[in-house]
Amino acid sequence: MSGSKAVKVKKKIDGNAFLLLITIVLFFVMYIAGVVIFNEQGFGKVQNFLNLFISNAGLIVIAAGMTVVMITGGIDISVGSVVALTCMLLAWMMELKGIGAVPATLLVLVMGVVFGLVQGFLVAYLNIQPFIVTLAGMFFARGMTAIVSTEMISISNETFLSWAKFKIYFPFGGYLNRKGVMIYPYIYPSVVIALIILVLVFVMLKFTKFGRSIYAVGGNEQSALMMGLNVRRTKLKAYVLSSTLCGLGGFLFCLNTCAGFVEQAKGLEMDAIASSVIGGTLLTGGVGNVFGSLFGVLIKGTIEAFITFQGTLSSWWTRITIAALLCFFIVLQSIFAAVKEKNKH
Amino acid sequence: MNKLKKLTTYRLFLPILCLVLVLLVNLITTPDFFAISVRDGMLYGYIIDVINRASELVILAVGMTLMVAASGGTDISVGAVMAVVAGVVCNVLAGGEQSVTQYNNPYILGILAGIAVAVICGCFNGFLVAKLKIQPMIATLILFTAGRGIAQLVTNGQITYVRVDHYKVLGSSIKGLPLPVPFFMAIIVVIVTTLILKKTAIGMYIESVGINAKASRLVGLKSSKIIFLTYVFGGLMAGIAGLVASSRIYSADANNIGLNMELDAILAVALGGNSLGGGKFSLMGSVIGAYTIQALTTTLYAMHVSSDQVPVYKAIVVVIIVSLQSPQLKKWFKKHSLGKKAVNGNEVA
């Protein structure tokens, strides 16, 4: 009895789950290393851990959307530009057009849906390569940002700022500061939204018909078609989901920056892709997990925290380290794939 | 009618049509677009500007075409490789100083170092793609992410200037030549590559590997070696493009050299009617695609569109062009035109 159980467990931990495990272990090892090295500067504080989520709330949501698209075997490189456009539109509507914070937010979400519909239509129904379509989307969104305004617009809408500054305190984990006042760690609502979205996407992927068909389409489009799945509609929905989450991610991003400008979130698409890949998503499709992507994002955040705490290293070390990690994970994935292939024959 | 049909089925028909359309727009909006003036034996004008500015893109597109054809994937690291090469060349020539007015090392040494680095980058990408069988876009994502960081590392985070007239030659013009030097660099690259592809069997090998790598291996082609070689070649092209780009501004600006060039190069390949899925390719198509992109950009500048806003129009044009080339839409058109023909046939009968 127990023997068969062990076999079951062993079977469950296949290459992909193992990769995810490595990602999670790596994150904790890195974080603990940071706590040991930079203990005096306060790396080990609960707040520092929460800051990882606060500064990357938008990216968590965007990476979740990216993961969904990547599972279908596609890619969406328009996300960084869409975030910039979202922030710019939010700032422009609230500051120059006098639109309230709530309608402005709803409008940018609608914008995300429309953006996704167009991209999804081109990819799914016209069979144009996702890379080219979303590349055009990237140009379009970045250019539109510049058409809305080439100047930076800071947000001063009170409702919006109250959302951005609203702190949710934890009832524990506090410490006494120099004046002897208890300071509790806090998060912003953006973190709560990001985590809720993450769980929702996870549940959707695991337990809904739509989620399962995404895996099926990514695993083998032909088989999915033969099984009677609507491949095109599934793909379209995946792109709509990605762009919608992008609009939402842009909103969360904007809560952090409270401004819109043309150069905003440049290169964010690569951060999202890197996070997904580090989290175990295969670009060939069919494999992926949004929680892996979460840890991908957290690893990126930890590297950034390392560099901030170290103080003397310049910010481009972040990119080099992420690239090295990417290289490590990609090579690992290919080794697993090769082993799998061998076992098949 | 038959002639027209023959013309429309000609492979380069759509790419050339796109280029002509872009130029036609100019005929209406900016009539002086085609004006060419001569000063000191040099030609000037918008058209010359297009020919000049597109050079790096043409060089990159040549390399990209082969990589796409053989591996069915895109190399997104070429822009970053350009920055690394520029950084290395300028740093070798400046001997580690930030700004020099004379070479501290021989010119040829700098060039060789730059080309060597480019080839090494190509080998790295090629190894990941061909030997480890990693998706090209993901494999090149590594250098894409790290490249500019490495370039910063090489130049110590500064912009290294080489203020020597000799260094500027590759990116400007020399007396006696009516057209700028970069144009000739691009033409030489295209001619040499075409000759290699036509005079040896390598072009056919690349197509064969791109269509079916496994089958090619079974008939005796070393598929992975051919894919590897295309990536080395792609790296070399990025190196040459980096040299020209760096020579234009006689410096190594790690943040800006080759910025977003990889995207334009991939676009050029797609606009040239090449499938990004690999297989059959047309080098001339990509070259025309590259000139189309630059013509479009210059057109927009001539129409006084600000550089931040150019991408919007670029995106719209790109979507229209790739949609026109989409097999799905072609099928749809065919269905409808066939329907019409059937109606016509009935009338005749």
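Here the structure is a predicted model, which means the values were calculated and not measured.

Criteria and cut-off values
- Residues numbered from 1 in each chain as written.
- Chains lettered and ligands numbered in written order.
- Predicted model: local features only at pLDDT ≥ 70, side-chain atom pairs only at ≥ 80, totals over all residues.
- Helix = DSSP H or I, 4+ residues; strand = E, 2+ residues; numbered from the N terminus.
- Rg over C-alpha atoms; globule rule 2.2 N^0.38 Å.
- Buried ≥ 20, exposed ≤ 12 C-beta atoms within 10 Å, placed from the backbone.
- Contact = placed C-beta atoms within 7 Å.
- Expected span 1.5 Å × (residues − 1).
- Arc of directions from axis to C-beta.
- Nonpolar A, V, L, I, M, F, W, Y, C, P; charged D, E, K, R; others polar.
- Axes fitted to C-alpha atoms, helices over the stretch in contact; angles between N-to-C directions.
- Parallel < 35°, antiparallel > 145°, perpendicular 65-115°, else oblique.
- Left-handed = near helix turned anticlockwise from the far one by under 90°.

Right, let's get into the overall build of chain A. Each helix and strand counted, chain A has 14 helices and 6 strands in total. For chain A, the C-alpha radius of gyration of 21 Å lies close to 20 Å, the compact-globule estimate for 345 residues. Dimensions of chain A along its principal axes, counting C-alpha atoms only, are 65 × 50 × 35 Å. Within chain A, the fraction of its 345 residues that count as buried is 49%. In chain A, of all internal contacts separated by at least 6 residues, the share reaching a separation of at least 24 is 76%.

A count of helices and strands for chain B gives 16 helices and 5 strands. A compact globule built from 349 residues would reach a C-alpha radius of gyration of about 20 Å, and chain B, at 22 Å, matches this within 12%. Within chain B, the proportion of its 349 residues that are buried is 50%. Pairs at least 24 apart in sequence give 78% of the contacts found in chain B among residues at least 6 apart.

Residue and element names in this part refer to chain A. An ideal rise of 1.5 Å per residue puts 27 Å on 19 residues; helix α8 (residues 189–207) measures up with 27 Å between its terminal C-alpha atoms. Every buried residue of α8 is accounted for by Ser 190, Val 191, Ala 194, Ile 197, Val 201 and Leu 205. One face of α8 carries all of its buried residues, which in axial projection span an arc of 130°. α8 presents Ile 196, Val 203, Lys 206 and Phe 207 as exposed residues on the side facing more than 90 degrees away from its buried surface.

The subject of this paragraph is unusual backbone geometry. Phi is positive for Asn127(A), which is not a glycine, with a value near 55°. With respect to the secondary-structure elements, Asn127(A) resides in the loop between α5 (101–124) and α6 (130–148).

Taken together, the contacts link 38 residues of chain B with 37 residues of chain A. Among the elements of the structure, α7 (136–154), α13 (261–271), α15 (310–325) and α16 (327–348) of chain B are those that each provide at least two residues to the side of chain B that touches chain A. In terms of residues, the side of chain B that touches chain A owes the most to one element, α7(B), which gives 12 residues. Looking at the side of chain B that touches chain A residue by residue, the classes come out as 23 nonpolar, 11 polar and 4 charged.

With that settled, the discussion passes to helix α4 (residues 55–71) of chain B. All names here are of chain B. An ideal rise of 1.5 Å per residue puts 24 Å on 17 residues; α4 measures up with 25 Å between its terminal C-alpha atoms. Here α4 lies mainly inside the structure; 17 of its 17 residues are buried. One or two steps after α4, the chain reaches Gly 72, where phi turns positive at roughly 70°.

Here we come to the packing of helix α3 (residues 46–71) of chain A against helix α12 (residues 268–278) of chain A. For any two helices packed against each other, one specifies the inter-axial angle together with the distance between the axes. Residues and elements named next belong to chain A. One can describe the packing of α3 onto α12 by two numbers: an axis separation of 9 Å at closest approach and a directional angle of 65°. Between α3 and α12, the crossing angle belongs to the class labelled roughly perpendicular. Judged by the twist between their axes, the crossing of α3 over α12 is right-handed. Along the contact surface, α3 presents Leu 59, Ile 62, Ala 63, Met 66, Thr 67 and Met 70, while α12 presents Leu 268, Asp 271, Ala 272, Ile 273, Ser 275 and Ser 276. Class assignment of the residues belonging to the contact of α3 with α12 gives a composition of 8 nonpolar, 3 polar and 1 charged.

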